[in-house]
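# Structure at a glance
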Amino acid sequence: MNKILKFSGLGIAGLLLASTAVVAVQSGNTERDIDAFEARVTELGVSQPPAAFDETQIANLPSPVQRYFRFVFRAAPANYSVVRVNAAGEFRRPLTKDFNPIESDQVLAAGVPALMFSASTTVLPGIWARAYDFFAQGQMEMKAKILSAITVVDERETPQLNQISLRRWLLESALCPTALLPGGPVIWEPIDDASARAVVAWNGMRASMIANFDTEGRMTSMVAEADGDLSTPYHGSGEHVARTDYRQVGAQMIPMGFTISRMAEGRLYPFYEGRVGSISFE
């Protein structure tokens, strides 16, 4: 009996070691994929820089957008092409109600719609999920993996998902304000003194959101113009983002607090409530 128990224990130990090795290999592959996607976004950003700051063009924008640029740029903006953001907070996985801790990294191209978002979030004690959303040159890829190894979400480009990813770049654009300057990929359409429509067109696709501004010029939210499908196994871009706590970073004012939500039938369903921990402009 002791021999049987001994061999059983050795077998279990062997299985655990083999499983650990598989997870380590698959996790390494996932991180290499993330690094490669970040490099692609960086390359695109450097090769297609944002529009230059032009007072004359800004004077022709809707009044709340003029107010926004006066507030955001405390001096002529630095000549950057790529923004890197680290953030943390609480995250609700699709089709669930509970929030868990999350830490995320994002690379955004300022002059062209391209981004890479990656995150790690707790699923159960000791169990994590690694997820990423990539979008560049009009095409997207989205994955989520338990323990960075077991794929549970694997979405490839479709016309709908590509359009959602284009809107995702627009939703995140307050983190790289030069992306919103006239002459770049975003066009502004007037609505009233507190809001304007931001439209981004790329590779035959079009996405728009309504940007809302306070009296000082802060962009307080961006809202999609159509309800989201809450039954999908992914959040996609979300349909609503609230921005708070603007802080000066160099010569720009950047919102450090955010809540990203799904939206349908006039109700918001937050899924990422967090705060920017660090942001750099390259």
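Structure shown above.
Bear in mind the structure is a predicted one, so any value in this text is a computation, not a measurement.

Below, the discussion takes up the overall build of the chain. Summing up its helical and strand segments, the chain has four helices and 13 strands in all. A separation of at least 24 residues holds for 55% of the contacts in the chain among residues at least 6 apart in sequence. Total accessible area computed for the chain in this model is approximately 13,200 Å², and 56% of it derives from carbon and sulfur atoms.

In this fold, A76 is placed in the loop between helix 3 (63–72) and strand 1 (82–92). Owing to a relative accessible area of 59%, A76 belongs among the exposed residues under this scheme. Counting along the chain gives 24 residues from A76 to A52, while the straight-line C-alpha distance between them is 9.3 Å.

To continue, consider the pattern of salt bridges. Pairs can form between side chains of opposite charge whenever their charged atoms are close. Enumeration over the complete set of coordinates arrives at 15 salt bridges. Salt-bridge contacts for E141 lead to R156; the nearest nitrogen and oxygen are separated by 2.8 Å. Taken together, the residues E141 in strand 5 (residues 139–146) and R156 in strand 6 (residues 150–156) connect sequence positions 15 residues apart. By relative accessible area, which is 12% here, E141 ends up buried. A salt bridge links D245 to R247; the shortest N-O distance between them is 2.8 Å.

Checked against the element boundaries, G236 lands in the loop between strand 10 (219–224) and strand 11 (240–249). Between the C-alpha atom of G236 and that of I164, which follows or precedes it by 72 residues, the distance is 6.5 Å.

Now for unusual backbone geometry. Of note in the backbone geometry, L95 takes a positive phi value of approximately 65° without being a glycine. Phi is positive for N203, close to 50°, though the residue is something other than glycine. Position of N203 among the secondary structure elements: in the loop between strand 8 (195–202) and strand 9 (205–213).

This part takes up helix 3. Burial of helix 3 is extensive: eight of the 10 residues sit out of reach of the surface. Among all positions in helix 3, only P64, V65, Q66, R67, Y68, F69, F71 and V72 are buried.

A volume near 620 Å³ is recorded for the largest pocket. Lining the largest pocket are 40 residues, and of these F91, F117, A131, D133 and H235 lie nearest its centre. Among the secondary structure elements, those contributing two or more residues to the lining of the largest pocket are strand 1, strand 2 (99–109), strand 3 (115–124), strand 4 (127–136), strand 5, strand 6, strand 12 (252–264) and strand 13 (267–281). When residues in the lining of the largest pocket are grouped by element, the largest group, five residues, is from strand 3. Its residues assigned to classes, the lining of the largest pocket comprises 24 nonpolar, nine polar and seven charged. If you go around the second largest pocket, you meet 18 residues; those closest to its centre are I164, R167, D227, G228 and E239.

Counting residues in hydrophobic clusters, the biggest one holds 61 residues, and the most contacted among them are F69, W188, M219 and Y272. When residues of this core are assigned to their parent elements, the largest contribution, six residues, is made by helix 4 (residues 159–171). The contacts of W188, once residues within four sequence positions are left out, are L61, P62, V65, F69, L180, A196, R197, A198, A211, F213 and M219. Of all hydrophobic cores here, the second largest spans 13 residues; its members include I34, V82, V107 and M116.

Our next topic: helix 4. Because each turn of an α-helix spans 3.6 residues, side chains separated by three or four positions in sequence point in the same direction. Its 13 residues give helix 4 an end-to-end C-alpha distance of 18 Å, which sits within 8% of 18 Å, the value for a rise of 1.5 Å per residue. Burial within helix 4 is extensive, with 10 of its 13 residues counted as buried. Looking only at helix 4, the buried set comprises L161, N162, I164, S165, L166, R167, R168, W169, L170 and L171.

Procedures and definitions
Residues numbered from 1 in each chain as written. Predicted model: local features only at pLDDT ≥ 70, side-chain atom pairs only at ≥ 80, totals over all residues. Heavy atoms only, no water. Helix = DSSP H or I, 4+ residues; strand = E, 2+ residues; numbered from the N terminus. Contact = heavy atoms within 4.5 Å. Areas by Shrake-Rupley, 256 points an atom, 1.4 Å probe, with all protein chains shown as cover. Buried < 20%, exposed > 50% of the residue type's maximum accessible area, 1.4 Å probe, protein only. Salt bridge = Lys/Arg side-chain N within 4 Å of Asp/Glu carboxyl O. 1 Å grid on protein atoms, 1.4 Å probe; cavity = no way out; pocket = protein on both sides within 12 Å on 5 of 7 lines; lining within 4 Å. Points joined across faces, edges and corners; volume = space filled by probe spheres on them. Nonpolar A, V, L, I, M, F, W, Y, C, P; charged D, E, K, R; others polar. Core = buried A, V, L, I, M, F, W, Y, C linked by side-chain atoms within 4.5 Å. Expected span 1.5 Å × (residues − 1).

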